[in-house]
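# Residue-level structural notes
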Amino acid sequence: MLIKKSNVFGVLLVSLFVFTLSLGNVKADEYENYFGIKITSNEYNTLLNLGFSEDEIYYMDETTYNENKNLDASLVSQNEKYYKSIYTNLNGESTFIEVTKEEYENQSSGNAPRTTIETTYKKMVSTISQNGTKYRYKNSLTWKNMPSKRSYDIIGIGFDDDVYINSSVYLTTYYCYSSGDCVTDSSYYNKQKTSTGGSAVFKLPSDSIISLASTLYYDVSKNNSNTITRLDMYADYAHATSTITGSNASNHYISTSGIELTSSNVSYYDDIPTAHSVWSGSW
């Protein structure tokens, strides 16, 4: 599904709204997002507790909103990672450096310069939320600089606890143009749902854009009645540094090591470490 709407002032509205919010407390009684969805303060807090960011709520489509607005949710773990990736366009090789939040935020957003050496910044956020009798694992990847190479990327979450995926594997990508038009897209080439995690292969938009983010999430339930005292989830993202087919990109595994590529496609992707989120308690 692809949703598009024109709103020249969309980005400004998000910025202004941020000043009225604190995490878990919305001052306004009702909020209208980019697609005209009116969200109550209780619903907004529910979405925050499910791990959705303020931007993700602002660009949320009606289907995602309706599926999540009334859930009984509590955010129990969150981990943010910031990466500087350096791509050598001559040979497709890439290196990464984990950087601070301050360095990431001090970079200008938009398109990365198209030179022999390309440097981009991206943020990955992993969250665990209690969702009624289940737990939700969520991974969000936001680009600070738009990558010049656009092919089939992979986003996923791995685990090795005594749980199983008890929902669909949900994927959403949203991006904006300099005109103010923005798109929310849930299309994908392939999804995996295995005993060690879930992942999705999707094609990055080829248009000239100024913002880009992707989100994957699913819910897990216990395999048996034994008490679980700890949950570990490992969010990961693989960006294609050269053109690859969706079929070849689908040849991967997802586990606690993150996205594990095969010999047929490992040379097509960059390699960043996972964002590991942990919950401790009694379930």
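Note that the structure is a prediction, hence the values are computed from the model and not measured. (Residues numbered from 1 in each chain as written. Predicted model: local features only at pLDDT ≥ 70, side-chain atom pairs only at ≥ 80, totals over all residues. Heavy atoms only, no water.)

What follows is about the overall build of the protein. Scanning the protein from N- to C-terminus turns up 6 helices and 22 strands. Looking at the protein residue by residue over its 283 residues, the buried ones come to 51%. Long-range contacts, defined as pairs at least 24 residues apart, comprise 75% of the intrachain contacts of the protein with a sequence gap of at least 6. (Helix = DSSP H or I, 4+ residues; strand = E, 2+ residues; numbered from the N terminus. Buried < 20%, exposed > 50% of the residue type's maximum accessible area, 1.4 Å probe, protein only. Contact = heavy atoms within 4.5 Å.)

Next up on the list: the layout of surface pockets. Considered as a void within the structure, the second largest pocket measures approximately 160 Å³ in volume. Lining the second largest pocket, in full, are D236, Y237, A238, S257, I259, L261, V266, Y269, D270, D271 and I272. Among the elements of the structure, β19 (230-238) and β21 (258-261) are those that each provide at least two residues to the lining of the second largest pocket. Top contributing element to the lining of the second largest pocket by residue count: β19, with 3 residues. Grouping the amino acids of the lining of the second largest pocket by side-chain chemistry returns 7 nonpolar, 1 polar and 3 charged. (1 Å grid on protein atoms, 1.4 Å probe; cavity = no way out; pocket = protein on both sides within 12 Å on 5 of 7 lines; lining within 4 Å. Points joined across faces, edges and corners; volume = space filled by probe spheres on them. Nonpolar A, V, L, I, M, F, W, Y, C, P; charged D, E, K, R; others polar.)

Within the secondary structure layout, S129 lies in strand β9 (residues 117-131). When its relative accessible area of 0% is taken as the criterion, S129 is described as buried. At a separation of 2.6 Å, a polar atom in the side chain of S129 contacts the main-chain carbonyl oxygen of N49. Apart from residues lying up to four places away in sequence, S129 is in contact with N49, L50, G51, S74, L75, V76, K134, Y135 and R136. (Polar contact = N/O pair within 3.5 Å; in protein donor to acceptor, adjacent residues only side chain to side chain.)

Let us now look at the environment of S282. Mapped onto the elements, S282 comes out in the segment after β22 (275-280). A C-alpha to C-alpha distance of 5.8 Å links S282 and I228, two positions 54 residues apart in sequence. Residues within four places of S282 in sequence aside, it is in contact with T227 and I228.

This paragraph deals with empty space enclosed by the protein. Within this structure, the stated rule accounts for 1 cavity of 30 Å³ or more. The computed volume of the largest cavity comes to approximately 110 Å³. Taken together, F52, E56, Y59, M60, D61, T64, T172, Y174, T184, T215 and Y217 make up the lining of the largest cavity. Residue assignment for the lining of the largest cavity shows that the elements contributing at least two residues are β14 (170-176) and β18 (211-222). Classifying every residue of the lining of the largest cavity by side-chain character gives 5 nonpolar, 4 polar and 2 charged.

Attention now moves to the state of the cysteines. Taken as a whole and assessed by the stated rule, the structure comprises 1 disulfide. There is a disulfide in this structure between C176 and C182, and the S-S distance comes to 2.1 Å. Taking the sign of the torsion about the S-S bond as the criterion, the disulfide between C176 and C182, at about 110 degrees, is right-handed. Like C176, the residue C182 is buried in the burial classification. (Disulfide = S-S within 2.5 Å.)

The subject of this paragraph is the pattern of salt bridges. What the rule picks out here adds up to 6 salt bridges. Salt-bridge contacts for K38 lead to E32; the nearest nitrogen and oxygen are separated by 3.6 Å. Judged by relative accessible area, which is 44%, E32 ranks as partly exposed. Linking D219 and R136 is a salt bridge whose minimum nitrogen-to-oxygen distance equals 2.8 Å. Taken together, the residues span a long stretch of sequence, with D219 in strand β18 and R136 in strand β10 (residues 134-143) at a distance of 83 residues. One exposure class covers both D219 and R136, and it is buried. (Salt bridge = Lys/Arg side-chain N within 4 Å of Asp/Glu carboxyl O.)

Taken in spatial order, the 5 strands make up an open sheet running β16-β17-β12-β19-β22, and their pairing is antiparallel. The outermost strands of the open sheet, each flanked by one partner alone, are β16 (190-194) and β22. Ignoring strand direction, the axes of neighbouring strands in this sheet form an average angle of 10 degrees. Pairing between strand β12 (residues 152-158) and β19: 5 bridges, direction antiparallel. Across the sheet, residue I154 finds its bridge partner in β19, namely A238. (Pairing = 2+ DSSP bridges. Axes fitted to C-alpha atoms, helices over the stretch in contact; angles between N-to-C directions.)

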